[in-house]
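# Notes for the structure review
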Amino acid sequence: MRALVIQHTPGEEPGWLADWLPARGLTLDVAHPYRDGVVPPLADAAALIVLGGPMGAYDDEAAPWLSEVRSRMREAVTAGLPTLGICLGAQLLAVALGGVVERGAAGPELGLGEVDVPDGDALLPAGVLPVVQWHYDTVTELPTDAVLLASSVAYPVQAFRIGECAWGLQFHVEAGPEMVKAWAAEDGVDGVADPVAAAAGRLAAAGEQIAHRFADLVSCQRLRGS
């Protein structure tokens, strides 16, 4: 099985997902439109994963490939293709389906955090999950048919599902300590990298569980369609 992965910037790569998903039978075909402007078609992909980036969900002038990414996400949802949007990817998923993204009124949410998943679903286990946060914008209005799954103290929309197999995660499950350290250096943020490093084991355990659930969902969807 092959997942098409859209990467928007060199510093926000698949990270831990590059180990966790192939271990569950889902190989990653990573596209880099920031280099060549190309957003591949879904073609025979078994899943779509859209990663984060420093641009905003509406920044088509600075990142002209974003309109095509939103189009791919609409296609994936319509086709029932398992889809995962992470951070910017979640915001693009919301906008693509009629939601709204704005600058976060509570300010940036950066570094180690927690999200509350009251009920859980096929992707997210119920409970309080440790996560990496790194966002300045937020989804302020979900698409009409979206189901809210998780919230944090600062921001109510931390995870949502559209249909049966498309998810948006405002938080990062793929980011390990080194990636966060690089983000902190790039953004000039102090005091956030060390807590992430100290919690790396808990973050990896939570993220790996979500990644494995996603890969298993892709496998089940593939079997149903075969």
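Relevant structure appears above.
Below: a short report on this structure.

## So, the overall build of the protein chain
When you go through the protein chain residue by residue, the secondary structure sums to 7 helices and 11 strands. Taken over the C-alpha trace, the protein chain has a radius of gyration of 16 Å; the compact-globule value for 226 residues is 17 Å, and the two agree within 12%. By its C-alpha atoms, the protein chain is 50 × 40 × 30 Å across when sized along the principal axes. For the protein chain, buried positions account for 53% of its 226 residues. Excluding contacts between residues fewer than 6 apart, the proportion of contacts in the protein chain whose partners are at least 24 apart in sequence is 73%.

## Some details on the pattern of salt bridges
Going through the model one piece at a time under the given rule, you end up with 8 salt bridges. Across the salt bridge formed by D216 and R24, the nearest N and O atoms sit 3.1 Å from each other. In this pair, D216 sits in helix α7 (residues 200-225) while R24 sits in the loop between α1 (17-20) and β2 (27-31), placing the two residues 192 residues apart along the sequence. Exposure remark for D216: the relative accessible area of 31% places this residue in the partly exposed category. Between E75 and R72 there is a salt bridge, with the nearest N and O atoms lying 3.6 Å from each other. Taken together, the positions of E75 and R72, both in helix α3 (residues 66-79) and 3 residues apart, correspond to about one turn of that helix. Within this structure, R2, D29 and D44 form a network of salt bridges that share partners.

## Focus: the packing of aromatic side chains
Enumeration over the complete set of coordinates arrives at 2 aromatic pairs. Seen in terms of ring centroids, W16 and W20 are 5.3 Å apart; in terms of plane orientation they differ by 40 degrees. Their pairing is tilted. Relative to W183, the ring of W134 has its centre 5.8 Å away and its plane inclined at 55 degrees; by these criteria the two rings are tilted. Linking W134 in strand β7 (residues 127-135) with W183 in helix α5 (residues 177-187), this pair joins segments that are 49 residues apart in sequence.

## A few points about unusual backbone geometry
Backbone geometry places A43, a non-glycine residue, at a positive phi of 45 degrees. Here A43 shows up in the loop between α2 (33-36) and β3 (47-50). Residue class for A43 comes out exposed when judged on its relative accessible area of 67%. Phi at C87 takes a positive value of approximately 55 degrees, unusual for a residue other than glycine. In this structure, C87 sits in the loop between β4 (83-86) and α4 (88-96). Residue C87 is classed as buried on the basis of its relative accessible area of 4%.

## Brief notes about the pairing of β7
Most of β7 is tucked away, with 7 of its 9 residues classed as buried. When strand β6 (residues 109-117) meets β7, the two strands line up antiparallel, connected through 9 bridges. The residue of β7 that forms the bridge with V117 is G127.

## Quick word on α4
Across the 9 residues of α4, 9 count as buried, placing the element largely inside the fold. Taken as a whole, α4 has its buried residues at L88, G89, A90, Q91, L92, L93, A94, V95 and A96.

## Observations concerning the environment of L217
By the secondary structure assignment, L217 is in helix α7. Considering only alpha carbons, one finds L217 and D59, 158 residues apart in sequence, at a separation of 31 Å. Ignoring any residue separated from it by four or fewer positions in sequence, one finds L217 in contact with A122, L123 and W167.

## Topic: the sheet that holds strand β10 (residues 159-162)
Across a sheet, paired strands are connected by hydrogen bonds in the backbone, their directions being either parallel or antiparallel. Across the sheet, 7 strands lie side by side as β2-β1-β3-β4-β11-β10-β9; this open sheet has mixed pairing. Only two strands of the sheet have a single partner each, and these edge strands are β2 and β9 (146-150). On average, each strand axis in the sheet is inclined to that of its neighbour by 20 degrees, with strand direction left out of account. Sheet topology places strand β1 (residues 2-6) next to β2; 5 bridges connect them, and they run parallel. Looking at β2, one finds that R2 is bridged to T27.

## Concerning the packing of α3 against α4
Between two packed helices, what matters for the description is the angle formed by their axes and the separation of those axes. It is at 9 Å that the axes of α3 and α4 come closest, and there the two elements cross at 70 degrees. Of the possible angle classes, the one that applies to α3 and α4 is roughly perpendicular. Of the residues in α4, those in contact with L66, V69, R70, M73, R74 and V77 of α3 are G89, L92, L93, V95 and A96. Taken together, the residues that form the contact of α3 with α4 break down as 8 nonpolar, 1 polar and 2 charged.

Cut-off values and rules
Residues numbered from 1 in each chain as written. Predicted model: local features only at pLDDT ≥ 70, side-chain atom pairs only at ≥ 80, totals over all residues. Heavy atoms only, no water. Helix = DSSP H or I, 4+ residues; strand = E, 2+ residues; numbered from the N terminus. Rg over C-alpha atoms; globule rule 2.2 N^0.38 Å. Buried < 20%, exposed > 50% of the residue type's maximum accessible area, 1.4 Å probe, protein only. Contact = heavy atoms within 4.5 Å. Salt bridge = Lys/Arg side-chain N within 4 Å of Asp/Glu carboxyl O. Phe/Tyr/Trp six-rings, centres within 6.5 Å; stacked < 30°, edge-to-face > 60°. Pairing = 2+ DSSP bridges. Axes fitted to C-alpha atoms, helices over the stretch in contact; angles between N-to-C directions. Parallel < 35°, antiparallel > 145°, perpendicular 65-115°, else oblique. Nonpolar A, V, L, I, M, F, W, Y, C, P; charged D, E, K, R; others polar.

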